[in-house]
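Listed below, chain by chain, are the residues.
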Amino acid sequence: MPETATLLDHLESMRRIRFFEEEAARLRAQGDVVGSVHLCNGQEAIYTGACAALDLSRDAVFPTYRGHGWTLACGVPPYPLFAELLGRQSGINGGRGGSAYLTAPEYGMYGENSIVGAGAPIAAGAALAAVHDGSGRVALAAFGDGAMNQGAVHEAMNFAAVRRLPVIFLVENNRYSELTPIAAMVRVDLLFERASAYGMPGARIDGNDPSAVREAVSEAVGRARSGEGPVLLEAMTQRLVGHYVGDAQRYRPAGEIERALADEPIVRLLAVLRAAGVLQDELDAGADRVHAEIAEASKRALADPPAAPTTVLEHLYA
Amino acid sequence: MPETATLLDHLESMRRIRFFEEEAARLRAQGDVVGSVHLCNGQEAIYTGACAALDLSRDAVFPTYRGHGWTLACGVPPYPLFAELLGRQSGINGGRGGSAYLTAPEYGMYGENSIVGAGAPIAAGAALAAVHDGSGRVALAAFGDGAMNQGAVHEAMNFAAVRRLPVIFLVENNRYSELTPIAAMVRVDLLFERASAYGMPGARIDGNDPSAVREAVSEAVGRARSGEGPVLLEAMTQRLVGHYVGDAQRYRPAGEIERALADEPIVRLLAVLRAAGVLQDELDAGADRVHAEIAEASKRALADPPAAPTTVLEHLYA
Amino acid sequence: MPEQTRRLSYAEAVNAALRRALEERPETLLFGEDVAAPGGVFGVTKGLRTQFGDRVFDTPISESAILGGAIGAAMFGRRPIAEIMWADFSLVALDQLVNQAANVRYVSRGLLGAPITVRTQQGSAPGACAQHSQSLEAFFAHVPGLRVCMPATHQDAYDLLLSAIWSDDPVIVIENRTLYHAGRQEVRLGGDVPPVGGAAVRRPGSDVTVLTWGAVQQEVLAAAERLSVQGIEAEVLDARWIRPLDLEAVLGSLARTGRLVVVHEAHTIGGVGGEVVAAVAEAGVPLRSAPIRVGAPPVRIPAAPSLAQAVIPSADVIADALTRSVHGTAVPAGRG
Amino acid sequence: MPEQTRRLSYAEAVNAALRRALEERPETLLFGEDVAAPGGVFGVTKGLRTQFGDRVFDTPISESAILGGAIGAAMFGRRPIAEIMWADFSLVALDQLVNQAANVRYVSRGLLGAPITVRTQQGSAPGACAQHSQSLEAFFAHVPGLRVCMPATHQDAYDLLLSAIWSDDPVIVIENRTLYHAGRQEVRLGGDVPPVGGAAVRRPGSDVTVLTWGAVQQEVLAAAERLSVQGIEAEVLDARWIRPLDLEAVLGSLARTGRLVVVHEAHTIGGVGGEVVAAVAEAGVPLRSAPIRVGAPPVRIPAAPSLAQAVIPSADVIADALTRSVHGTAVPAGRG
Ligand SMILES: Cc1ncc(C[n+]2csc(CCOP(=O)(O)OP(=O)(O)O)c2C)c(N)n1
Ligand SMILES: Cc1ncc(C[n+]2csc(CCOP(=O)(O)OP(=O)(O)O)c2C)c(N)n1
Ligand SMILES: [Mg+2]
Ligand SMILES: [Mg+2]
């Protein structure tokens with residue numbers, strides 16, 4: 001097991017994501033943020049663990065519309081991220097991307113994708129570049145369990161396998177596609193089992209444990225950097241919230257969310273840390289610090305002016 | 001082993017296809033037929049075996065541009081098929097389909113498809129209809145080894161598996177995609193292995209033995225009719241000719257075609273029949289009959305007038 | 001089904017049309033992502049799974065399978081109604097509509113058909129990203145063999161969808177999510193299913209003809225009312241059907257007004273507005289001022305409302321175009 | 001690369017441009033189906049694999065992976081040249097061009113770009129089926145963020161492709177397989193790579209302006225020569241670039257001729273010809289007769305040559321349109 005300091009880093013990273021999402025939900029409910037907002041509450045261990053295993057000074061992640069967690073884990077500060085959700089000029093993309101399509105390549109976050117599965121071939125393409133520029137860079141494509149049934153994902157996996165590309169396919173399996181359970185999507189819900197027929201390793205991992213994710217991704221990164229090709233990782237997790245802010249979740253069986261709350265990554269890691277002798281005061285102090293950071297970032301972003309239409313026609317072409 | 005009478009039927013069916021293709025090649029070389037013509041010489045056992053297992057009064061096949069063999073095996077006479085290739089008014093589609101996109105639903109041949117993989121979801125859709133109309137019909141989607149890497153095929157297989165649709169996915173694995181060997185397409189060339197992760201049975205079968213194909217397809221049809229869902233069959237075979245008429249095949253290793261000629265379905269079945277005591281004279285007489293049938297059909301089609309442009313705008317809409 | 005009138009939202013009108021089709025046409029099927037058990041991400045298909053069971057089902061996130069599945073089922077005698085949640089998503093599977101559905105009847109000379117109805121919705125809405133905001137009717141309208149409509153009123157949400165389902169051709173019905181729950185209106189249910197095609201006059205006028213389609217019609221009507229105060233009377237035509245396009249209605253109106261403005265939310269360059277203006281110009285109709293197209297400028301659709309508002313045609317921009325058209329500040333469109 | 005002139009086929013001109021790009025731009029990659037070891041199904045990429053090794057490779061039949069792969073590689077600093085064997089096949093992966101490539105630069109405000117070149121070819125050829133015959137430039141030309149060109153001459157096959165590869169934007173280069181091996185011409189190689197855009201005058205004339213693009217240009221020139229004998233001089237403009245469209249060149253020519261005919265192989269309804277006619281009408285240029293679009297009628301493209309010939313614009317049909325335009329049998333396009 002990693003040392004306590006590392007676990008405390010994971011805790012802070014996951015809390016930053018969780019508290020960000022809680023504030024984002026509030027901003028959406030209040031109407032300060034408009035449009036569809038897809039929160040990742042409960043899936044934080046995946047982003048924290050994976051980004052800890054990557055070298056984001058050269059590697060890159062290609063996540064989905066459910067990408068606030070990835071963006072924060074890549075190191076984007078909460079302030080420009082809130083500002084982006086709020087459509088502020090100070091947003092990380094000046095408001096052009098919004099919650100579901102923002103990008104921050106300068107942090108190794110190569111863009112959310114709001115087309116299910118479309119990021120997978122793009123990540124494979126980045127890996128293709130890495131093969132040719134000798135940079136040793138690795139690309140990580142993240143998408144949901146439902147995306148596994150999209151043609152582009154299939155093509156990307158086969159393409160990466162046959163060309164031995166340094167790309168990691170990371171499935172965030174929360175067992176739902178929007179409002180529909182995985183049983184309506186696939187007959188076999190062991191998604192990692194698809195890997196072997198493409199000729200790459202596949203494994204199911206605990207998506208609620210940042211250390212487990214970190215370990216699995218580190219190993220995959222090692223393989224990729226040494227030219228051994230792609231890997232498919234299926235991280236089992238759960239959404240503690242709706243598909244989008246406002247989703248009443250009538251489709252979720254009674255008790256499912258309650259059970260999930262008992263096993264979600266932050267609760268679990270807190271227990272581990274307590275068991276390791278970390279004092280509750282220290283843990284609470286950490287929470288307060290992050291809460292303050294989030295509150296301050298949100299306040300600051302809210303105060304900023306909306307994106308200025310004057311430059312709206314710029315940057316369509318080079 | 002099936003009785004001799006059945007094997008002789010298979011032989012006649014395969015010869016009809018082979019001789020048709022040989023005549024089609026001649027017509028293309030002469031310029032009577034224009035455009036890309038994709039011949040199936042060497043793959044006849046698949047069409048003969050599969051169609052023998054289907055009830056084409058209600059079942060349907062959805063093949064590819066390499067579909068002359070399927071069309072003949074479904075019972076379309078050589079004459080309207082030649083006429084279609086020749087762009088004659090008497091063509092099975094009045095010249096609208098041509099060699100690569102013809103259709104003959106009245107024979108259970110629901111259309112070639114010249115978009116790789118696109119026929120797979122359409123066949124799954126036909127199977128979906130069968131589930132709802134209680135007809136017990138089965139759909140068979142046929143496509144090549146290269147098509148296995150097309151997104152639409154992946155989506156069709158998963159869709160069929162999760163909905164338990166009565167569709168058979170039959171891969172004609174000739175180990176080439178146009179001019180490129182399968183090694184450039186996939187890392188694992190055991191394509192049937194993809195089936196299990198979708199939750200359907202998959203098997204590799206001898207695509208050069210019509211009886212083996214017939215048996216495997218019969219079993220799949222039985223499963224499908226009884227509501228047990230789809231099957232993926234990978235029929236191993238080979239192209240004895242180029243991807244299209246005129247293909248110089250420089251990409252094929254020395255000796256490959258020669259080796260294939262020793263194992264191709266007609267040669268093999270002739271040996272079996274001789275061993276079963278069928279006299280060479282009878283076998284030769286059969287060949288002469290089919291040759292005559294093909295020659296007569298081609299001659300008749302050649303004599304027909306070209307498709308009349310007067311009705312070219314009709315049937316775009318109902 | 002007997003005629004009756006009820007107050008419905010646009011979404012409820014769509015739902016009523018689907019229910020009627022499922023009741024009256026046993027060969028119909030309804031499927032797509034989240035349409036069955038959840039009743040649709042916009043609640044449009046609520047209650048249909050419960051009432052019609054397996055004929056209404058949820059699919060994997062596989063648009064090629066959804067559209068190809070619809071085509072195959074149609075070839076086998078069903079009448080599938082497939083939903084593509086956003087028109088933007090059709091681009092992962094456009095092959096099935098253009099290379100497949102559109103060819104079935106033509107190549108088989110009518111032996112087979114592909115009577116599928118594809119319900120989708122499109123356009124900009126506050127906060128929506130560039131991958132969820134496009135207006136793509138031009139892609140579908142360019143394809144011989146497809147029919148395309150864009151219901152912009154509650155009544156049309158009901159009528160056009162039924163026309164589409166009853167049609168023996170593949171029809172793309174493009175709805176708009178900003179209309180689904182924006183208030184209730186009287187909707188006539190039952191009665192004969194109207195045939196495909198035909199524009200509708202939304203506002204009579206004598207000074208300028210405005211042809212429009214889709215949700216932007218509301219901006220057009222607002223602009224028209226505003227100009228009416230200034231004594232400019234715009235005739236607002238709702239194309240409703242993009243393919244076939246009711247050119248006769250446009251020419252008829254132009255014969256009275258002599259001025260043309262086409263307004264759509266889609267990008268102007270290469271948009272269907274170009275088809276309309278070109279067809280009118282080819283017809284050689286004498287115009288008193290140059291025709292004007294109003295649509296989105298050449299840019300992606302940004303998420304921030306302040307940015308999106310700057311590119312999506314507004315009543316202001318439309319009113320300005322109408323004024324220019326009428327006051328002919330635009331160079332006259334040619335002399336004989 | 002130093003200037004030189006060589007006699008090349010259209011295919012060899014494309015090959016020369018690719019070779020130059022691979023030599024001068026180490027960040028280029030070339031991939032697609034059958035492009036490497038086999039040298040392309042049309043022999044266009046012959047010899048490049050041997051000369052450039054792994055930078056030129058064959059892909060699975062996976063257009064989404066090919067286009068998405070190109071985009072990702074471009075985001076990571078490569079300059080990929082991807083081949084889509086037939087434009088018809090782009091429809092299985094159009095998402096990657098419209099929803100992905102076109103958005104990269106805009107959303108990131110220039111932090112990232114997707115400088116990909118997509119080489120494809122399209123159009124009707126004897127015996128080709130309805131799924132291998134379409135002219136789809138209208139689909140690409142409607143997309144803000146994409147560039148689209150259609151080289152119709154041997155020289156342009158070389159020049160435009162280099163402009164595309166040198167461009168930092170995603171560019172679709174639409175070639176035509178009927179041109180690849182139809183004889184050799186002098187082609188200037190080397191020298192500066194021209195910027196994107198700009199039409200070319202293929203034949204000067206004073207009576208009518210014909211704007212065209214793609215292989216049908218040969219029919220247009222044949223028709224123009226035929227009419228010249230009758231004393232009608234058509235000015236033939238090759239648009240070359242469909243997006244950006246060189247409207248200035250068109251207006252400049254119209255200022256002299258006052259008559260417009262647009263000819264493309266694509267279906268007229270919803271085609272780019274509509275954009276041209278509409279833009280001209282909007283500009284309010286005085287025309288002496290109604291503009292005319294010549295293109296394929298609303299129908300799928302049938303395989304039989306006798307049928308395809310009946311729908312693909314021929315010199316006869318074009319000559320007839322030019323005559324109607326000049327003799328103004330068409331109703332004049334409006335009086336002030
Ligand atoms: C091609 C495409 N089809 C459909 C959608 C609509 N959609 C957005 S999210 C989603 C569900 C995705 O489920 P999953 O892949 O499991 O990811 P999760 O949302 O659970 O993280 C769907 C269907 C889309 N954005 N793109
Ligand atoms: C979507 C699409 N991509 C590419 C092509 C061009 N193409 C036609 S046949 C073919 C090879 C197909 O190989 P395989 O699936 O093995 O079938 P085979 O030709 O061997 O029977 C290709 C790439 C196409 N028709 N459609
Ligand atoms: Mg999920
Ligand atoms: Mg093959």
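On a predicted model such as this, the values are computed, not experimentally measured, just so you know. (Residues numbered from 1 in each chain as written. Chains lettered and ligands numbered in written order. Predicted model: local features only at pLDDT ≥ 70, side-chain atom pairs only at ≥ 80, totals over all residues. Heavy atoms only, no water.)

Caption draft 1: Summary view of the coordination of the magnesium ion (ligand 3). Residues and elements named next belong to chain A. Here the magnesium ion (ligand 3) is held by Asp145 (OD), Asn174 (OD1) and Tyr176 (O), and the distances to it run 2.0 to 2.1 Å. Here the donor residues of the magnesium ion (ligand 3) are spaced in sequence according to D-x28-N-x1-Y. With a relative accessible area of 7%, Tyr176 lands in the buried category. (Donors = N, O, S within 2.8 Å, 3.2 Å for Na, K, Ca; no water. Buried < 20%, exposed > 50% of the residue type's maximum accessible area, 1.4 Å probe, protein only.)

Caption draft 2: The arrangement of the state of the cysteines in detail. If you walk through the whole model with that rule in mind, you get 0 disulfides over all chains. This cysteine, Cys51 of chain A, is not joined by any disulfide, and Cys74 of chain A carries the nearest cysteine sulfur, 3.9 Å off. By relative accessible area, which is 7% here, Cys51 of chain A ends up buried. With no disulfide partner, Cys129 of chain D has as its closest neighbouring cysteine sulfur the one in Cys40 of chain B, 17 Å distant. (Disulfide = S-S within 2.5 Å.)

Caption draft 3: Representation of the interface of chain D and chain C. In this assembly, 55 residues from chain D lie in contact with 55 residues from chain C. Of the roughly 4700 Å² buried at the junction of chain D and chain C (both faces included), carbon and sulfur atoms supply 56%. Of all residues in chain D, the largest losses of buried area upon contact with chain C belong to His142, Glu282 and Arg300 of chain D, amounting jointly to 16% of the total for that side. Linking chain D with chain C are 4 salt bridges. Note that Arg293 of chain D and Glu282 of chain C form a salt bridge whose closest N and O atoms lie 3.1 Å from each other. Run the count over chain D and chain C and you get 30 residue pairs in polar contact (both at pLDDT 80 or more). (Contact = heavy atoms within 4.5 Å. Buried area = accessible area lost by both parts, 1.4 Å probe. Salt bridge = Lys/Arg side-chain N within 4 Å of Asp/Glu carboxyl O. Polar contact = N/O pair within 3.5 Å; in protein donor to acceptor, adjacent residues only side chain to side chain.)

Caption draft 4: Fine view of the pattern of salt bridges. The full count for this structure, using the stated rule, is 72 salt bridges over all chains. Close ionic contact of Arg20 of chain D with Glu24 of chain D constitutes a salt bridge, the shortest N to O distance being 3.0 Å. With Arg20 of chain D and Glu24 of chain D both in helix 1 (residues 10-24) and 4 residues apart, the pair spans about one turn of that helix. Residue classification places Arg20 of chain D among the buried positions, given a relative accessible area of 5%. Taken together, the shared-partner salt bridges connect Arg25, Glu27, Arg79 and Asp168 of chain C into one network. (Helix = DSSP H or I, 4+ residues; strand = E, 2+ residues; numbered from the N terminus.)

Caption draft 5: Just the packing of helix 5 (residues 119-133) of chain B against helix 6 (residues 151-162) of chain B, in detail. Residues and elements named next belong to chain B. Interhelical geometry of helix 5 versus helix 6 gives an angle of 20 degrees and a closest axis separation of 7 Å. With respect to helix 6, the element helix 5 is oriented roughly parallel. The two elements helix 5 and helix 6 cross, and the hand of that crossing is left-handed. Residues Ala120, Pro121 and Ala124 of helix 5 touch helix 6, and the partners they reach there are Ala152, Val153, Ala156 and Phe159. For the contact of helix 5 with helix 6, a count of residues per class yields 7 nonpolar, no polar and no charged. (Axes fitted to C-alpha atoms, helices over the stretch in contact; angles between N-to-C directions. Parallel < 35°, antiparallel > 145°, perpendicular 65-115°, else oblique. Left-handed = near helix turned anticlockwise from the far one by under 90°. Nonpolar A, V, L, I, M, F, W, Y, C, P; charged D, E, K, R; others polar.)

Caption draft 6: Representation of the relation of the copies chain D and chain C within the structure. Once turned by 180 degrees and shifted 0.0 Å along the axis, chain D lies on chain C with an RMSD of 0.0 Å. Taken together, the rotation angle and the small translation identify this as a two-fold axis. (Least-squares fit on C-alpha atoms with pLDDT ≥ 70 in both.)

Caption draft 7: Expanded view of the sheet that holds strand 5 (residues 117-121) of chain C. All names here are of chain C. Pairing in this open sheet of 7 strands is mixed, and the strands run 3-2-4-5-7-6-12 from one edge to the other. Two strands close off the open sheet at either side, each with one partner strand: strand 3 (56-58) and strand 12 (241-243). Between one strand axis and the next, the sheet turns by 20 degrees as a mean value, whatever way the strands run. Bridge analysis of strand 6 (residues 147-149) against strand 12 gives 2 bridges, and the strand direction is antiparallel. Bridge pairing in strand 12 links Cys149 to Trp241. (Pairing = 2+ DSSP bridges.)

Caption draft 8: The arrangement of the site of ligand 2 in detail. Every one of the 21 residues lining ligand 2 counts as a neighbour, but Tyr65, Arg66, Ser114 and Gly146 of chain B together with Glu63 of chain D are closest to it. A distance of 2.8 Å separates an oxygen atom of ligand 2 from a polar atom in the side chain of Arg66 of chain B. Here a nitrogen atom of ligand 2 sits 3.1 Å away from a polar atom, N or O, in the side chain of Glu178 of chain B. Against a free-state accessible area of 580 Å², the protein chains account for coverage of 98% of ligand 2. For the shell around ligand 2, the per-class residue count stands at 8 nonpolar, 8 polar and 5 charged. (Near = heavy atom within 4 Å. Areas by Shrake-Rupley, 256 points an atom, 1.4 Å probe, with all protein chains shown as cover.)

Caption draft 9: Spatial organisation of the sheet that holds strand 3 (residues 167-173) of chain A. Residues and elements named next belong to chain A. An order of 1-2-3-7-6 is seen for the 5 strands of this open sheet, with the pairing classed as parallel. Every interior strand has two partners, whereas the edge strands, strand 1 (60-62) and strand 6 (202-206), have only one. Strand after strand, the sheet turns through a mean of 25 degrees between neighbouring axes, direction not considered. Of the strands in this sheet, strand 2 (139-144), strand 3, strand 6 and strand 7 (231-236) touch helix 8 (residues 210-225), which is tilted by about 175 degrees from strand 7.

Caption draft 10: Geometry of the coordination of the magnesium ion (ligand 4). Residues and elements named next belong to chain B. For the magnesium ion (ligand 4), the full set of protein donor atoms is Asp145 (OD), Asn174 (OD1) and Tyr176 (O), at a range of 2.0 to 2.1 Å. Mapped onto the polypeptide sequence, the residues donating to the magnesium ion (ligand 4) form the spacing pattern D-x28-N-x1-Y. Highlighted residues: Asp145 in the loop between strand 2 (139-144) and helix 6 and Asn174 in the loop between strand 3 (167-173) and strand 4 (176-177), separated in sequence by 29 residues. The class of Asn174 is buried, set by a relative accessible area of 7%.

Caption draft 11: Representation of the confidence of the model for chain A within the structure. The pLDDT averaged across chain A works out to 98; a share of 100% of its residues lies at or above 70. Per-element confidence in chain A ranges from a low mean pLDDT of 96 for helix 9 (residues 256-263) of chain A to a high of 99 for strand 3 of chain A. (pLDDT = per-residue confidence, 0-100.)

Caption draft 12: Up close: the packing of helix 6 (residues 151-162) of chain A against helix 3 (residues 63-75) of chain D. For the pair helix 6 of chain A and helix 3 of chain D, the least separation of the axes is 8 Å and the interaxial angle reads 75 degrees. Comparing their axes, helix 3 of chain D and helix 6 of chain A come out roughly perpendicular. Touching Ala152, Glu155, Ala156 and Phe159 of chain A of helix 6 of chain A are Glu63, Ser64 and Ala65 of chain D, all from helix 3 of chain D. Of the residues belonging to the contact of helix 6 of chain A with helix 3 of chain D, the class tally is 4 nonpolar, 1 polar and 2 charged.

Caption draft 13: Seen up close, the pairing of strand 4 (residues 79-84) of chain D. Residues and elements named next belong to chain D. Of all 6 residues that make up strand 4, 6 are buried, and the element is covered over most of its length. Judged by which residues are buried, strand 4 turns out to be covered on both faces: Arg79, Ile81 and Glu83 on one side and Pro80, Ala82 and Ile84 on the other are all buried. Of the pairings in the sheet, the one linking strand 2 (residues 28-32) to strand 4 comprises 5 bridges and is parallel in character. Residue Thr28 lies in a different strand from strand 4, and its bridge partner there is Arg79. With 4 bridges connecting them, strand 4 and strand 5 (residues 117-121) associate as parallel partners. In the sheet register, Ile84 faces strand 5, and the bridge partner there is Thr120. Assessed by its sense of winding, the connection that carries the chain from strand 4 through helix 4 (residues 94-107) to strand 5 is right-handed. (Right-handed = clockwise from strand over helix to strand, strands pointing away.)

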